[in-house]
Amino acid sequence: MTSASQYLFKGLAGLCLAAACTAHATLPIQEWQTANGARVLFVETHDLPMFDLAVDFPAGASRDLRDKSGLASLTLELMRSGAGDMSEGEIAERLASIGADMSERFDLDRAGYGLRSLSSARERDESLKILATVLQKPTFPQPILEREQQRTLAALKEAESRPEVLAEREFKHLVYGQHPYSQRGAGELNTVAKLQRDDVVNFYRQHYVADHATVSIIGDLTRKEASAIAELLTVGLPSKSQRVALLPPVQQLKSAQLSRIPHPATQAHILIGQPGIKRLDPDYFALFLGNQVLGGGGFASRLNEEIRQKRGYAYSAYSYFNPLALEGPFQIALQTKSEQAEQALKVAQDTLANFVAEGPTQQELDAAKQNIIGGFALRIDSNKKIQDYLAIIGFYRLPLTYLDDFPVKIEKLTLEQVKDAWRRRIYPDRMVTVIVAGTEAH
Amino acid sequence: MLVKEDHRSPVIVTMVWYRAGSMDEVSSTTGVAHMLEHMMFKGTKSVPAGEFSRTIARAGGRENAFTSHDYTAYYQQLHNSKLSLALELEADRMSNLNFAQDEFAREMNVVMEERRSRTDDNPHAQVHEQMMATVYMAHPYRTPIIGWMNDLQNMQLADARAWYEKWYTPNNATLVVAGDVKPDDVFKLGEKYFGALPSRTPPARKVQTEPPQAGIKRIIVKAQAELPYVAMAYHAPSLRDVEHDWEPYALAVLSGILDGSDASRLNRELVRKMRVADSANANYDMLNRGPALFFLDGVPAAGKTVQDVEAALREQIRLLVTEGVSNDELMRVKAQVTAAQVYARDSVYYQAMRIGMLQTIGLPYDSSDLQVRKLQQVTAEQVRDVARKYLVDDNLTVAVLDPQPLPAGKRPRPNPEGGARDQR
């Protein structure tokens, strides 16, 4: 099966110029630093007259102070609401008139902007000029800040009525306690209302720093052009010459916790989980492969089989890891009509407990390996997907051979290694369980 | 059989499209098109229930299916060495499907959960569902694709089987393969697997025309939510003749002028300048087997009402008709159309999707480029003309969400100080 990796990158192999290719990389990722220290990852491909890029910073929701929750997200949004001598409307109109898409990128760890544009000179130069100005010279107009605060508060108020939002928020609070990973990007009603323009300006100055930035680029550009682009996008940003501030460590759960939130929706929303894995976790591949069997493999996975196919309890039932700089969540999620919430919960719990105790069968493990390895080409079959991987490899300092190594590492894992990782890392008897459901359920 | 070559990556998308969707259903069995889609994963004489999905997964693939008003389609995404496997499995379930009562009963529970999740617990989806049932008195677009809950509760295995026997035949299907393949290989394998299947003549389809609307229709939908919402739908034509029609293209450009980007009118005027709405959208899809609708909707900003939002949306229509659109606006929409056509080529899945959809709704499968050229030819005067002709009250249905907040006693407890909690 290892032969799979030899033809995975067929479509890109032709692009690999002898001088530009590092000896180890099948996907020809080029890497360098800008003059002021931003990390750049680039893949050159001229198949389509377009390019995709992103500039990411360690400025996600986990960088919010608890009493200013929502600040990181608001700062990012406001950057496109006025920059240099351009108003919000001018930025929007100039992007639209060249058909370019500039979009916010935001999660617990990262915040930044992505850009998709045609590579023809006019479109390319104009879109890059706008993005560079947004990144380097945001003006944060006070009236727009107030408008966006009001819109966020309204959206949060609406969200308070949604069972899936209530479940997710309770889950994060119980799994992460006081840790920054308990925070949601949009913030809370009582924190967003208090945010001031000074908060935004200070957050921007502190976090949008050149030598903490990752620039990921793929498309119809030469190395020389990509290099000039990376400089243009970061040249006006300060360099700190110090490492990114560390987040406090994530604490493992000490005991099981169950939280029930009453809600009149027809379906119960059930979440089960705990802190999961880091991006650079030694158990990453073993847990990822095992999860393919448990609940990450769609219709072929156990949770789907037990909850949906055998019993008809739910339309969707799955498990996932969200690997982050620190231990992002491991979560099992399902929705079922309120009256059968308890039965469905029990099936999910039993399926998990059994999986951790016994592990997958050899047959299940082989099937999961075949899926991941045989389907690896699908993970990188478009510029957009490759750009997403470049951003992850750059931001989390993964090896440039990450994508080449991936199927190889999966292939090498034994049944015992997968069982062992799950037994060491996943604790069915001290997990968080959240049930948002009507009173009929209990 | 249609093939679109894309050799950038060694992957393929295989799709089988059936020209049968919820618009082909009859009263009392709404949802059967979608239910049959679910049953297609429940086994054949030679492939047991669940084995289709497991086989594709072992081959490194992803697979699923979707049902619309107009069609039902099944797809696999795979390494290009697995073409034969996908075609063999799809051909098998085109004519050898099992209909087991216990599988049907369980899957119906799954579908009812899907309905709860997508519609019953989603206030905007409820508004949309009830609006469609009001917009159309006669045309089958009035029923939800997933079906009314009552029809799901009463559906029989025989209904699903009858649907299958009526529509699942090679001469009512299109095979689409996109990706790193040679067309000849696809045609050979397609002939091998599908060529031997028996063809049946599907029943004649009767033309169903919605009687003309004469007078505005209004409904109020109460649902559990915090914020109100208003949606408006105008009857509009679908694209029928790619070369000679012009109104659908003008309506598509009009939709782009109102809501194609952050620079478009609704966002600029209603959200940013007037602060009457927290969001405002326009939408028009010209690609349908049946008639089209031109939608507008919005969520009022704090202190504003749905009446304020409706008035502001109507004012935008009045301005379109009285003052027309600027050349800059027109150029912006056209630039986006041009760019979108290039961006679409980055996704093999999207390319297959587009071809299959065009063919299935009855337009030339290769007419995408022509459609883009026709969009580029739309004039400001045409945009104004279609606004004047179609965005009129006699053509309009307005649906308002009257939000029903959670009862006070049942409100979830607020999280103090941004959710600080120290239970561990």
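Worth saying up front: this structure is predicted, and the values here are computed from it rather than measured. (Residues numbered from 1 in each chain as written. Chains lettered and ligands numbered in written order. Predicted model: local features only at pLDDT ≥ 70, side-chain atom pairs only at ≥ 80, totals over all residues.)

### Re the environment of A:D283
Residue and element names in this part refer to chain A.
Phase 1 of the analysis: Assignment of secondary structure puts D283 in the loop between β10 (267-275) and α11 (284-296).
Phase 2 of the analysis: Residues D283 and L221 lie 62 residues apart in sequence; the distance between their C-alpha atoms is 37 Å.
Phase 3 of the analysis: Each residue touching D283, except ones within four places of it in the same chain, is listed here: I277, A421 and R425. (Helix = DSSP H or I, 4+ residues; strand = E, 2+ residues; numbered from the N terminus. Contact = placed C-beta atoms within 7 Å.)

### Considering the domain arrangement of chain B
Residue and element names in this part refer to chain B.
Phase 1 of the analysis: Parsing chain B into structural domains produces domain 1 (2-194) and domain 2 (217-403).
Phase 2 of the analysis: Taken residue by residue, the interface counts 29 residues in domain 1 and 27 residues in domain 2.
Phase 3 of the analysis: Elements that contribute at least two residues to the side of domain 1 that touches domain 2 include exactly β1 (2-5), β2 (11-18), β4 (72-79), α5 (123-135) and β5 (173-179).
Phase 4 of the analysis: With 9 residues, α5 is the single largest residue contributor to the side of domain 1 that touches domain 2.
Phase 5 of the analysis: Residues that form the side of domain 1 that touches domain 2 fall into these classes: 15 nonpolar, 10 polar and 4 charged. (Domains from an automatic or database assignment. Nonpolar A, V, L, I, M, F, W, Y, C, P; charged D, E, K, R; others polar.)

### Let's talk about the domain arrangement of chain A
Residues and elements named next belong to chain A.
Phase 1 of the analysis: Annotation of chain A at the domain level lists domain 1 (19-234) and domain 2 (257-441).
Phase 2 of the analysis: Taking the mean C-alpha position of each, domain 1 and domain 2 sit 28 Å from one another.
Phase 3 of the analysis: Contacts between the two partners involve 31 residues from domain 1 and, on the opposite side, 31 residues from domain 2.
Phase 4 of the analysis: Within the residue set of the side of domain 1 that touches domain 2, elements represented by two or more residues are β2 (39-44), β3 (50-57), α7 (163-176) and β8 (214-219).
Phase 5 of the analysis: Here the side of domain 1 that touches domain 2 gets 8 residues from one element, more than from any other, and that element is α7.
Phase 6 of the analysis: A breakdown of the residues in the side of domain 1 that touches domain 2 according to their chemical character gives 16 nonpolar, 7 polar and 8 charged.

### A short note on the sheet that holds strand β12 (residues 329-337) of chain A
All names here are of chain A.
Phase 1 of the analysis: Strands sit in the order β9-β13-β10-β12-β11 across an open sheet of 5 strands; the sheet is mixed. Unpaired on one side and paired on the other, β9 (257-262) and β11 (317-321) mark the two borders of the sheet. Direction aside, neighbouring strands of the sheet carry axes that sit 15° apart on average.
Phase 2 of the analysis: Sheet topology note: the β11/β12 ladder contains 5 bridges and is antiparallel. Each bridged residue has a counterpart across the sheet, and for F321 the counterpart in β12 is F330.
Phase 3 of the analysis: Contacts from helix α12 (residues 302-309) reach β11 and β12, with the element oriented near 160° to β11. (Pairing = 2+ DSSP bridges. Axes fitted to C-alpha atoms, helices over the stretch in contact; angles between N-to-C directions.)

### Some points on the packing of helix α9 (residues 247-259) of chain B against helix α12 (residues 327-343) of chain B
All names here are of chain B.
Phase 1 of the analysis: One can describe the packing of α9 onto α12 by two numbers: an axis separation of 9 Å at closest approach and a directional angle of 105°. Compared by their axis directions, α9 and α12 come out roughly perpendicular. Mapping the contact onto sequence places V253, G256 and I257 in α9 and E329, V333 and Q336 in α12.
Phase 2 of the analysis: Residue composition of the contact of α9 with α12, grouped by class: 3 nonpolar, 2 polar and 1 charged. (Parallel < 35°, antiparallel > 145°, perpendicular 65-115°, else oblique.)

### Considerations on the sheet that holds strand β9 (residues 292-300) of chain B
All names here are of chain B.
Phase 1 of the analysis: Taking strand neighbours across the sheet as the criterion, the 5 strands line up as β6-β10-β7-β9-β8 in an open arrangement whose pairing is mixed. Looking at the sheet topology across the chains shown, the edges are occupied by β6 (217-223) and β8 (277-284). With direction set aside, neighbouring strand axes in the sheet form an average angle of 15°.
Phase 2 of the analysis: Of the strand pairs in this sheet, strand β7 (residues 229-236) and strand β10 (residues 396-403) are connected by 6 bridges, and their pairing is antiparallel. Within the sheet, the bridge partner assigned to Y229 lies in β10 and is L401.
Phase 3 of the analysis: Along the sheet face, helix α11 (residues 306-323) touches β7, β8, β9 and β10 and points at about 135° away from the line of β9.

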